[in-house]
Amino acid sequence: MDNDALQFLVFWSINDALHAEPLKRQLDELQACGIQGVVFHPRYYPDHPPYMSQDYLDVLSEVILYARSIGMIFWIYDENGWPSGTASGQVIARHPELVCEWLEWTGDHSGQQNQTVIRSRSAVSSLDREATKAFIEITHEGYRKGLQPKAFEYVTGFFSDEVGFLDGHSVSVEKGGVPWYRELPERYRIRYGEALEPLLPLLFIEEEEWERNRTAANARQPALTAAGKESFAAGDNGRAADAISAHYYHYSSSTGQHDRPLGRAQELRIRYWELLTDALIEGFYRPIAEWCARHGKLFTGHLKGEENPFFQLPHSGSCFSVLQGLTLPGIDALERYPGNDFYPRMVHSISMQQGRSGCLAEAHGGSGWGVTPATFSRYMLWLAGHGLRQLVLHLSQYELGSQAVHDWPPSLPLHLSWRKAFPAVLQSIRERVQQLPDLRSEQPELLIVTPTRGVMAYFQPDEAMVINVHDGDGVPDTPAGRISNSFMELVECCHQAGVHYEFTEERTLEETAIVKKGSVCIGARSYSRVMLASGCVWQAQEGDSHRTLIDRMIEAGITLIEPDDLYLYASSRNKAEQGKYDTLAVTDHPEKRVRYADLTPVVAAQSPWIMTRPASNSFTLYWEDKDSGWWSTRVKMDGDSLASQAALFQLVMLDQPLAVMINDQYIAVDQKGNTESTKRPYRYGIEASLLGGREDLHISVQMEPMAEPDPVAFLEGEFLVYSDTPYRPKDERQCYTSGPLRITGMPNKQNNQTIILDPGSLIESGFPFYSDSVEMSATLSVSMDELKEGSEALYLQLTGVDADAAYIQIDGQSAGYCWAPDWKIELPSEIGEAAPTSNANGKNWHDSETTEILLEITVELIPSTYNRYGPHLHRDGDRHVVSPDQYRGIKNFADDPDAPSCTRGEDYHFVNCGITGEVRLLRGRSFPADIKVT
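A. The overall build of the protein chain, seen in detail. When you go through the protein chain residue by residue, the secondary structure sums to 25 helices and 48 strands. Residues counted as buried form 60% of the 934 residues belonging to the protein chain. Contacts in the protein chain between residues at least 24 apart in sequence constitute 79% of all its contacts with a sequence separation of at least 6. By element, 46% of the accessible surface of the protein chain is carried by carbon and sulfur atoms, the whole surface being about 36,200 Å².

B. Broad picture of empty space enclosed by the protein. The full count for this structure, using the stated rule, is six cavities of 30 Å³ or more. As for the largest cavity, its lining consists of 15 residues, and the residues nearest its centre are Ser84, Gly85, Val124, Ser125 and Ser126. Counting residues per element, the lining of the largest cavity draws most heavily on helix α4 (residues 129-138), at three residues. Classifying every residue of the lining of the largest cavity by side-chain character gives six nonpolar, eight polar and one charged. Considering only enclosed or pocket space, the second largest cavity measures out at about 80 Å³ in volume. Along its surface, the second largest cavity is lined by Val405, His406, Thr620, Leu621, Tyr622, Asp710, Pro711, Val712, Ala713, Tyr869 and Tyr887.

C. Inspection of the packing of aromatic side chains at higher detail. Tallied over the entire structure, the rule returns 43 aromatic pairs. Consider the rings of Tyr56 and Tyr143, whose centres lie 6.5 Å apart with planes at 45°: the pair is tilted. Here Tyr56, found in helix α2 (residues 54-70), pairs with Tyr143, found in helix α5 (residues 140-146); they are 87 residues apart in sequence, far enough to count as distant. Three or more aromatic residues joined by ring pairs make a cluster, and in this case those are Trp12, Phe40, Tyr45, Tyr51, Tyr56, Phe74, Tyr143, Phe152, Phe158 and Trp291. Against the face of Tyr501 rests Arg345, its NZ or CZ located 4.1 Å from the ring centre. Across from the ring centre of Phe714, 3.8 Å away, lies the NZ or CZ of Arg868, which sits over that ring.

D. Spotlight on the pattern of salt bridges. A full pass over the atoms with the stated rule returns 42 salt bridges. Two residues, Arg119 and Glu104, come together in a salt bridge whose shortest N-O distance is 3.5 Å. A residue pair is termed long-range when its members are at least 10 positions apart, and Arg119 in strand β5 (residues 115-122) and Glu104 in strand β4 (residues 99-106) qualify at 15 residues. Under the relative-accessibility criterion, Arg119 is labelled partly exposed at 32%.

E. α2, seen in detail. Given a rise of 1.5 Å per residue, 17 residues ought to cover 24 Å, and the 25 Å separating the end C-alpha atoms of α2 matches this to within 8%. Buried positions along α2 lie against β1 (7-14), α1 (20-32), β2 (37-42), β3 (73-77), α5 and α6 (149-154). Directly after α2, the chain includes Gly71, whose backbone phi takes a positive value near 80°.

Conventions adopted
- Residues numbered from 1 in each chain as written.
- Predicted model: local features only at pLDDT ≥ 70, side-chain atom pairs only at ≥ 80, totals over all residues.
- Heavy atoms only, no water.
- Helix = DSSP H or I, 4+ residues; strand = E, 2+ residues; numbered from the N terminus.
- Buried < 20%, exposed > 50% of the residue type's maximum accessible area, 1.4 Å probe, protein only.
- Contact = heavy atoms within 4.5 Å.
- Areas by Shrake-Rupley, 256 points an atom, 1.4 Å probe, with all protein chains shown as cover.
- 1 Å grid on protein atoms, 1.4 Å probe; cavity = no way out; pocket = protein on both sides within 12 Å on 5 of 7 lines; lining within 4 Å.
- Points joined across faces, edges and corners; volume = space filled by probe spheres on them.
- Nonpolar A, V, L, I, M, F, W, Y, C, P; charged D, E, K, R; others polar.
- Phe/Tyr/Trp six-rings, centres within 6.5 Å; stacked < 30°, edge-to-face > 60°.
- Lys NZ or Arg CZ within 6 Å of the ring centre and 35° of its normal.
- Salt bridge = Lys/Arg side-chain N within 4 Å of Asp/Glu carboxyl O.
- Expected span 1.5 Å × (residues − 1).

Right, here's the structure in full:
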């Protein structure tokens, strides 16, 4: 696959009733934004028409065939919501007997009551082949049989999401337990020739403690009967417990030999977690992969907890083992800023080794409404720099109601303030990707072995309860945690050194590697140099308890690079290798931006910036819960000035209310919803009689009983929003005020009232919640001789800008979009040619006697989308990761660990918008410099 094949798709969140025409219109809109395809994703789908009904499938057929007609790629997400596997509850409805089971350790590690107990809950188990069979029949077969044949034929494939051991969650993280499945004892007995049940306490306690408790506990080996009733004591019947013999070793780099064999607890844990991984593959992933292969469809998806080996283990065991079975393996790359350099390179490695067509990332979820072209570009370049070329943006909302505003924002690209700039941003990313080394086309220089087994061997389930369930942060300082953390440090060192590395793990290497003279091959990849991360565990070869794969690799002449010798290795490479795999800058550090050579400033005198007042304004409302579906708010206002405005003053709601009261008077609400006037957004005029003589505006709305909390609503009209307290800087991007905020009418020109607009601050000019473009203009006086002097190209650069993006026109002609960090565009050659600009003497561009010309510069600054949708009252303002709970002020895993339990404060936060610097004209040629990803 070429670099040119970079694909941008969206997770298309279908959160409203299914109607073909608006869906087709939205496909057109997405394509106009540069999006090449969609993953059709029922998400909070209202069941109109019912999910997977024939009416549902008929509408979807029409939409798919339309996507085919316009050349849009079309995937189907295999669930309504997430994680995959339940068929929107239909699997458990057909099979109410299904349960998820897990083991918990009871007692305090000191008495005779210590035991492992099986717990259960009614849920679909991804380890259960019968549950998966029902899921395939309802979902995959439902689409195959119910879609029109040509529509089904056009579907690229199916996307599964976050399927792990226990319906997408980790019982270790939640409860300190371990996944369980009824078939595990028999599978263990067949594979290892011994009983599993007596050994189960070793999953929770160490061997020494187990030995102390063996004689004290009431040893028993119960039959597996009703879930939740059986337990396994800390002892055993003697024979089975002693049956484990030495099979696993660490390799000692200092001696060049294998260390003493692992203990019984470590070996049991490796065997158990590998058995669980296999059960997950056989129970869920393999049946779906086989179905997709039979019907000519790709199979993609991602797991939960991919970010580091410790986080992976309790969710799905081994990502390496599971993702091998997907025809397009994927990861979930969330938040606004690039993450660690392990998991994107991991999925790339699996894809290359398995000979897949590529790999995929569900990208940028929860990055917040404050995402900018600069942060978005940085993130996509980070993923592309690791070899990923299918980027599925999370997510694009079909309808932007209150729930959608709060649902792991942003909704991109259609609901961003800089939507119109999106095609230019994508084109810029594609151009920069052309400068990246193509990691897929060349053999890597180093294979790094991930210590998956090492983490398994020393993992105790309750250790996982301290990690961040969102991103795996906070891995504890325990034996298993230290193995994982040390490995992650090694990865970042390799990345900083510019090494072209790929990953595998111990078991995958042992089971799939072909050792040749001087190299080891995993599928389509060959490696002559291998780095064994600290903590790796190797299984003895059958028939020789003292020999492992490492011995064979050493004998074959494969170079083993020690982690401690990484920098020595990196510096010893030849010059061609050094720096060859450095990738584009994804940081705003000045020294790592694209540098421009041979650019000469053009002397220009500039008038001050003038800001054109926006025609309308907005005020985002925040509510108090009054129970029974009622929400209320009070807004400070100058009622007399608002009442005198000719323009309509409106309450705008993203969800339809049952009732609206404004200053104690009911406003008519049409509940039929059959006309354009009753479709989202819902608008209710506020008459002057409700405003005059009042100092506050009291609004109450009643919503449906199960409606989204804190309904998203705005006041819109010709007004200004001021704060009774000063705005203060929060950081380089944000300001905040303690308020209260106050609405006042626009100044009346007939009464000689004026408005003071500050081009440097849209916020302090009275437009803090405004997110549409605002026009700034200035005039440049430029020497014609300077423009003509040996110039191959002319560039324009803005300075002193606070905005998400800017659209520039010169003398009424479009020059295009620009954004941070450079705020620079190359001016097209036709600027000044199609419409000559006169100077003060009436002469123009093409008059040879002209010595000076005037350029009218119009800049449409695009404020942050955050300023409209917030959450403005969150204590941190615009965060790099935003969850639904942050709108409610409920501390959650997306907040800082030291945040208070209530994260909603009194201060309003806004992202700055304005322009204070000069316009620079530069002439010459541009050369992209060698840049690095950091």
